[in-house]
Each structure stands twice: as C-alpha cells, then as structure tokens.
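Read off the chains here:
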2 protein chains.
Amino acid sequence: MDLFNHLGELALGSRLKRLSDQIMRDGSRIYQANDIKFEPKWFPVFYLLSEHAPLGVTEMSQDLGVSHAAVSQVVRELLQKKLITGVMDPSDGRKRLLSLSESGSELLPKIKELWNDIAVAIHEMINSHQSNIIDSIREVENSFSEHSLDERVALIIQERCLDQVKIVPYSEDLAEQFKSLNYAWIQKYFQVEEMDELVLSNPGNHIVAEGGQILFAQLDGKIVGTCALIKLDDDSFELAKMAVDEKYQGRQVGKKLGLAVIEAARKRGAKQVILESNKKLIPALNLYKKLGFVPICTDHQKSMYQRANVSMQLELT
Amino acid sequence: MDLFNHLGELALGSRLKRLSDQIMRDGSRIYQANDIKFEPKWFPVFYLLSEHAPLGVTEMSQDLGVSHAAVSQVVRELLQKKLITGVMDPSDGRKRLLSLSESGSELLPKIKELWNDIAVAIHEMINSHQSNIIDSIREVENSFSEHSLDERVALIIQERCLDQVKIVPYSEDLAEQFKSLNYAWIQKYFQVEEMDELVLSNPGNHIVAEGGQILFAQLDGKIVGTCALIKLDDDSFELAKMAVDEKYQGRQVGKKLGLAVIEAARKRGAKQVILESNKKLIPALNLYKKLGFVPICTDHQKSMYQRANVSMQLELT
DNA sequence: TATTTATACGTAAGTACTTACGTATATTAT
DNA sequence: ATAATATACGTAAGTACTTACGTATAAATA
C-alpha cells in the first residue's frame with residue numbers, strides 16, 4: 001500500500017518528514033489533553049534553559065543544531081507567554097541572557113512529569129523492536145556530518161562518469177580530431193603558436209614515431225577528448241596536448257585521460273612525468289594536482305611554448 | 001555537544017525533522033548541480049506517476065500517506081512546469097487523471113539515473129552501519145499506525161494516575177465525606193431522594209453493618225472519591241454510591257474504586273455484582289463497561305431510586 | 001424522484017523550520 | 001586610533017507540509 005516501503009532509500013527524506021510531522025502533531029495533542037499551554041516546538045529551547053540557563057540565542061542554536069533564527073522565533077514566543085525572561089549581558093551588549101521566568105519554573109515540574117510519560121511511551125515502543133531508531137538516526141547524523149548527501153552523490157556520479165569514458169589508442173583517422181580538439185582550447189585562451197601548428201598537423205610523426213603515444217576519450221561512441229604522452233628520454237615523459245570537448249567537461253574525461261596517460265608512461269618504464277601549463281587554466285591545474293603532480297620551478301624561457309608559465313612533475317615509484 | 005544525543009527519546013520528533021530538512025536541502029543541491037530543473041518535493045508524485053499513471057490526486061495522497069492538499073499543490077506546480085498533464089475522468093467528473101507529459105517522460109531517464117545515484121549513496125551509507133534506519137523507521141511507522149503517540153501517552157498517564165490513587169477503608173470520621181461527595185453528583189444531575197438521605201446520613205448502619213463495605217479514594221492525602229458495596233444476599237452484592245470529586249475526574253479515581261470494590265466482593269465470595277444507574281451518566285456507564293459490567297434487563301419500577309433506568313451485572317468466576 | 005451524504009479536488013491560512021538581509025556591538029588588523 | 005571584519009541577534013520572506021473550508025459531482029437514502 002505504502003509506496004515508501006517499496007522505495008526504500010530514495011524516499012528517506014520524505015519519510016522522515018512524514019514521521020516527524022506526525023510526532024509533532026501528536027505532541028501538540030498530548031499537551032492539550034493535559035491542559036498544559038505548551039507547544040512541541042518550544043520543547044528544545046525550554047528544556048535547554050531549564051537545565052543550562054542562562055544562555056544566548058546563538059549558543060542555543062549551536063546546541064540544538066538549528067538556525068539561530070529558529071531559536072530567536074521560539075524565544076520571542078516564550079517571552080510573549082512569559083515563560084522565560086531575558087536580560088542583556090553586561091559584558092556583551094549584543095547578547096541576551098535568557099532563563100526560565102517564575103511562571104516557567106512553576107510549569108516545570110508538571111511538564112517534566114509529562115515529558116517523562118512521553119519518553120516512557122516512546123521508549124516502550126522503540127524497545128519492542130529489533131533495531132533502535134535512535135541509534136540509527138545518530139549513525140546517519142554522524143555520517144552526514146562527515147560528508148553531506150550531495151557530496152556523496154557527487155562522488156558516485158564522478159565514478160559513474162569515469163566508468164563511461166572509454167580510452168582508445170591513436171590511429172591515422174583520428175589525427176584530425178586531435179588537431180581540432182586542441183585548437184579549440186588554444187584559440188579560446190591563447191594563440192596558436194608555430195610549434196602547435198607543427199605538432200598538431202602531424203602527430204603521428206612528431207609524437208608517436210618519437211616513442212610517445214596519443215590517447216583519445218570516447219563517450220557514447222563519440223571522441224570527446226585527447227591527451228598525448230611525449231618521450232623526453234628513457235626515464236622522462238611529458239604529458240601534453242590534453243583537450244576535452246567543452247560540452248563534456250566536468251564528466252571526468254580529463255581525469256580518465258590523465259590516469260591512462262600516466263599508466264602508459266609507467267608501462268614504458270618512465271620514472272617521472274612532467275608537464276607545462278598556464279596559471280589561467282585553473283580547472284586543468286586542479287586536475288593535475290588531483291592526479292598527483294606537484295609544481296616544480298623551471299626556466300620557462302627555455303620552453304617550446306610562450307604560454308607556458310607553470311611546470312609540474314609526477315614521480316613514478 | 002549535541003543536546004539530542006543526550007535527550008534520546010524525547011526529542012525524536014525534532015531530531016527527525018532536522019534530519020529530513022537536511023536531506024531535502026541536499027537533494028535540492030543535487031538536482032541543481034546536475035542541471036536538472038527538479039525539486040525534491042516533486043519526487044513522490046512524479047515517481048508515482050512514472051510508474052502507475054494515470055492517477056487522481058486522492059489516490060496519490062493515499063499511496064503517499066500525505067494530505068490530498070499537499071499532492072494538489074505539487075500537481076499544480078508540475079502542471080505549471082509542464083512535466084505532467086491531466087484530463088478529466090470521463091466516468092467521474094470530479095476526478096482528474098494525471099500522467100507524465102511528453103517533456104516529463106523525456107526527463108525521466110536522466111532523472112532516474114540520478115535517483116539511482118542517490119539511492120546508491122544512501123545505501124552505501126546505511127549499510128556501513130549496524131542498525132538500518134529504513135527498518136527502524138518502518139517499525140516505528142507500523143507502531144504508530146496501531147496506536148498514535150498521544151494514545152500511548154494517555155495510557156501511561158492513566159496507569160500513573162491509577163498508582164497514585166490510594167484506597168482507604170471506611171471509618172466513622174469519613175461518614176461526612178461519603179455524604180458530601182454523593183450529594184454533589186446527585187444534586188447536579190437529579191434530586192436527592194428519601195432513600196439517599198437515609199443511607200447517606202448513616203452509612204455505617206445501612207451499608208457496613210448490613211455486611212457491605214465503603215471504600216474511599218485518596219489522592220495526595222485528600223479524599224477525592226468513594227464507592228459502596230452493598231450486600232444483597234450471600235452471592236450478590238451491589239456497587240452503589242460511587243462518587244468522585246469533580247476536580248479530580250479523569251484521573252482514574254473511579255476506575256481504582258471500581259476495581260477495589262469488585263475485589264472486595266470477590267473476597268466475600270460474591271458470584272455477581274450488580275448496579276443501577278441512569279442513561280444520562282455516560283462517563284460512569286463507560287467506566288462500568290470497562291470494568292466488565294454488561295447491561296441487563298430489569299423492572300426499574302421495583303428500584304429503590306426513581307433515577308434508576310439502567311441495570312448492569314458483572315459475573316465473578 | 002428528491003434529498004442527504006460522501007467523495008474528489010482546490011484554495012487559503014497556519015506551522016516550524018529555512019535562507020537572506022539588516023543592525024548593533026565586539027574584535028582584529030592597519 | 002581608525003577601519004575592516006566578525007559576531008549576536010532580529011525580521012522578512014520562502015518552503016513544504018498541515019488543517020479548515022468551499023465547490024462540484026457521485027452515491028446512497030427517503
């Protein structure tokens with residue numbers, strides 16, 4: 001009958017809300033039935049003040065894990081109902097020290113008795129089950145305080161995207177793609193230099209034949225990115241000419257290419273991979289960092305490219 | 001740090017709300033980050049329609065366990081965003097049959113992929129714990145569907161009240177209390193009859209000396225109720241003159257007195273207890289029923305009291 | 001057949017939070 | 001000492017539900 005039973009994890013949020021709404025409504029009825037003019041939403045603030053007064057609004061919001069605005073609104077109501085009182089902190093003019101009022105303290109024993117009854121009712125119900133909801137909630141809360149749900153989902157999506165990207169090797173018929181993918185970013189951020197023109201027009205000769213390698217990233221059968229590994233000497237290779245189609249950026253194409261190129265270098269017995277880039281290319285630099293590259297100092301006057309103003313290196317163990 | 005950890009059961013409602021709010025907010029961010037124009041609150045309705053269309057508003061509200069108004073509002077938004085369409089049911093002019101629209105169906109595969117990622121994220125988190133929150137919630141939901149929290153609390157309060165009521169036996173100095181407690185209700189609902197005057201003015205002679213018994217209920221040291229057991233013959237006793245101070249009604253005083261009187265009858269070897277009452281005294285009749293009395297037919301012309309128009313009997317085994 | 005009652009739905013207003021923004025005071029940096 | 005920044009708090013508006021109420025249609029009853 002109940003969709004949520006079938007849906008499980010997905011509807012966790014809606015389900016928690018439904019349950020909490022019900023408990024809150026029942027709570028309201030409990031106070032009414034016992035002729036106590038009290039609302040469930042006042043409970044956290046009122047209880048806190050009954051145990052640890054005096055407290056300020058912000059202090060309570062931290063203790064309760066809700067916004068200060070929520071506390072402020074409850075405090076306003078409780079002041080209106082004369083259940084609490086507040087005086088300005090003499091040592092801090094911004095802060096208001098709140099405590100139970102006289103009538104609040106008078107209410108306390110009666111309402112504490114009721115709270116105890118409620119605790120017993122919930123306790124009896126919970127302890128008749130195998131799994132304890134309080135423990136489960138605490139665990140979920142702890143997990144969420146480590147990583148929020150959106151962070152967790154972002155990671156899973158990244159992994160999924162990474163799996164979807166296929167790496168394919170160089171072949172003559174992909175030479176044109178290698179050129180156009182690289183022209184796109186070079187023209188967007190810089191200017192095509194003589195060296196670009198030379199290498200991109202004949203990658204087979206200038207990269208592959210020289211002991212290097214060119215890899216392509218494929219998504220749904222379409223070439224969406226590329227990256228080259230250029231041989232410098234027996235121990236050193238350069239990661240260069242990484243390009244990802246703008247429409248597919250953020251889908252882990254670059255990461256997959258980077259990992260594949262590093263793996264290729266490792267297979268060829270490289271001890272290090274270096275690269276040159278430009279400070280403007282912030283997403284690219286972040287990716288290099290994530291791949292394990294660390295910045296190194298070099299004389300960029302010697303570089304083949306004018307745009308080079310950053311060098312990075314990855315030691316392979 | 002967190003008050004709720006210390007409070008346990010009592011703050012269950014606030015705590016569930018806090019958690020659900022967080023999940024909903026994260027959910028909103030997830031859709032945004034993936035460039036899907038969708039809100040978490042749409043999920044239950046949209047999902048339901050993707051699986052079981054066409055459906056009406058009320059049908060969905062039942063499946064989801066929320067009010068039809070909530071569904072109606074979500075439906076209005078989804079219609080506005082053109083994600084669903086609705087046509088009037090040809091066989092029922094009140095009902096609107098809702099289904100995914102074309103653009104809704106187009107969105108479906110993309111959003112389903114995301115739902116799957118979310119489910120995986122939550123699943124991974126949950127399954128790294130000992131106790132499963134989904135199971136806990138289901139159990140709590142089931143418990144609440146049997147008895148709501150306010151019902152459970154009401155029962156506990158009843159028991160607590162029952163424990164607080166002390167039963168004390170008759171003594172001459174309580175005779176005046178026996179009279180005034182009974183006068184109160186008789187004068188409120190009926191008129192004091194000759195027989196009342198006789199019995200209430202000298203209960204020692206007319207009840208106790210005749211083989212009966214009078215019990216009093218004490219709350220915080222104060223006499224707040226009374227009830228008599230009148231001997232009819234060796235096998236039969238009558239429960240009579242039950243009276244509870246109006247200020248203490250609803251605090252299980254009558255129940256405690258009734259139970260005590262029945263117990264006293266049992267001890268004296270009674271095979272049955274009967275009573276006479278009046279249809280107007282609805283709370284009293286409910287109590288008698290709860291104590292196990294069942295209505296019997298008798299000729300009330302023969303009764304000692306004009307107000308008697310109901311008779312009840314309890315068989316003691 | 002006429003009338004009452006039940007159902008399906010919509011809208012308005014309330015609730016208990018949130019985010020966003022503004023103000024006053026305190027703290028830190030220059 | 002002055003300016004910039006941080007903190008404590010309040011208020012307004014938004015959110016995702018609720019309850020309460022109103023309307024149209026269907027079903028039940030007289």
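Residues numbered from 1 in each chain as written. Chains lettered and ligands numbered in written order. Predicted model: local features only at pLDDT ≥ 70, side-chain atom pairs only at ≥ 80, totals over all residues. Heavy atoms only, no water.

## Points about the packing of aromatic side chains
Residue and element names in this part refer to chain A.
Move 1: Taken as a whole, this structure holds 26 aromatic pairs over all chains when the rule is applied.
Move 2: An angle of 65° between the planes, with centres 6.3 Å apart, marks the rings of Phe38 and Trp115 as edge-to-face. Of this pair, Phe38 sits in the loop between α2 (12-33) and α3 (43-52) while Trp115 is found in helix α6 (residues 102-126), placing the two residues 77 residues apart along the sequence. Considered together, Phe38 and Trp115 belong to a single accessibility category, that of buried residues.
Move 3: A network of ring pairs unites the aromatic residues Tyr31, Phe38, Trp42, Phe43, Phe46, Tyr47 and Trp115 as a single cluster. (Phe/Tyr/Trp six-rings, centres within 6.5 Å; stacked < 30°, edge-to-face > 60°. Helix = DSSP H or I, 4+ residues; strand = E, 2+ residues; numbered from the N terminus. Buried < 20%, exposed > 50% of the residue type's maximum accessible area, 1.4 Å probe, protein only.)

## Observations regarding the protein's contact with DNA strand D
Move 1: Taken together, 23 residues lie around DNA strand D, and Thr58, Arg94 and Arg96 of chain A together with Lys41 and Ser67 of chain B are the ones closest in.
Move 2: Those atoms of DNA strand D that come within 4 Å of the protein belong to sugar or phosphate at a rate of 65%.
Move 3: Between DNA strand D and Ser72 of chain A there is a distance of 2.8 Å, counted from a phosphate oxygen to a side-chain nitrogen or oxygen.
Move 4: Within the side chain of Arg76 of chain A, one N or O atom sits 3.0 Å away from a phosphate oxygen of DNA strand D.
Move 5: Those elements that place two or more of their residues in the surface near DNA strand D are α2, α4 (57-64), α5 (68-80) and β2 (92-100) of chain A together with α5 (68-80) and β2 (92-100) of chain B.
Move 6: The biggest single contributor to the surface near DNA strand D is α5 of chain A, with five residues.
Move 7: For the surface near DNA strand D, the per-class residue count stands at five nonpolar, eight polar and 10 charged. (Near = heavy atom within 4 Å. Polar contact = N/O pair within 3.5 Å; in protein donor to acceptor, adjacent residues only side chain to side chain. Nonpolar A, V, L, I, M, F, W, Y, C, P; charged D, E, K, R; others polar.)

## A few points about helix α10 (residues 194-201) of chain A
Residues and elements named next belong to chain A.
Move 1: Looking at α10, one finds that the buried residues are Asp196, Val199 and Leu200. The buried residues of α10 all sit within an arc of 95° when viewed along its axis, so they share a single face.
Move 2: The elements touched by buried residues of α10 are α9 (175-189), α11 (203-208) and β6 (236-244). (Arc of directions from axis to C-beta. Contact = heavy atoms within 4.5 Å.)

## Some thoughts on the pattern of salt bridges
Move 1: Summed over all chains, the structure comprises 41 salt bridges over all chains.
Move 2: In this structure, Arg307 of chain A and Glu193 of chain A form a salt bridge, with 3.6 Å as the shortest nitrogen-oxygen distance. Linking Arg307 of chain A in the loop between β8 (294-296) and β9 (310-315) with Glu193 of chain A in the loop between α9 and α10, this pair joins segments that are 114 residues apart in sequence.
Move 3: Here Arg307 of chain A falls in the buried class, since its relative accessible area comes to 13%.
Move 4: The salt bridge involving Lys271 of chain B is made with Asp235 of chain B; its shortest N-O contact spans 3.9 Å. Placement of the pair is Lys271 of chain B in the loop between α12 (253-267) and β7 (272-277) and Asp235 of chain B in the loop between β5 (222-231) and β6 (236-244), with a sequence separation of 36 residues. (Salt bridge = Lys/Arg side-chain N within 4 Å of Asp/Glu carboxyl O.)

## Structural notes on the packing of helix α3 (residues 43-52) of chain B against helix α6 (residues 102-127) of chain B
All names here are of chain B.
Move 1: Between α3 and α6, the shortest axis-to-axis distance is 11 Å and the interhelical angle comes to 115°. Regarding the angle of α3 to α6, the classification is roughly perpendicular. As for how α3 packs across α6, the hand of that crossing is left-handed. Contact with α3, carried on its side by Phe43, Phe46, Tyr47, Ser50 and Glu51, involves Gly104, Leu107, Leu108, Ile111, Lys112 and Trp115 of α6 and no other residues of that element. (Axes fitted to C-alpha atoms, helices over the stretch in contact; angles between N-to-C directions. Parallel < 35°, antiparallel > 145°, perpendicular 65-115°, else oblique. Left-handed = near helix turned anticlockwise from the far one by under 90°.)

## As for the relation of the copies chain B and chain A
Move 1: The operation relating chain B to chain A is a screw motion whose rotation component is 179°, with 0.1 Å of axial translation and a residual RMSD of 0.2 Å. Taken together, the rotation and translation describe the operation of a two-fold axis.
Move 2: The fraction of interface residues of chain B whose copies in chain A are also interface residues reaches 100%, indicating that both copies meet through the same surface. (Least-squares fit on C-alpha atoms with pLDDT ≥ 70 in both.)

## Here we look at the side chain of Ser236 of chain B
Residue and element names in this part refer to chain B.
Move 1: Tracing the chain through its elements places Ser236 in strand β6.
Move 2: Overall, the relative accessible area of 6% leaves Ser236 in the buried class.
Move 3: Among the polar contacts made by the side chain of Ser236, one reaches the side chain of Gln272 at a distance of 2.8 Å.

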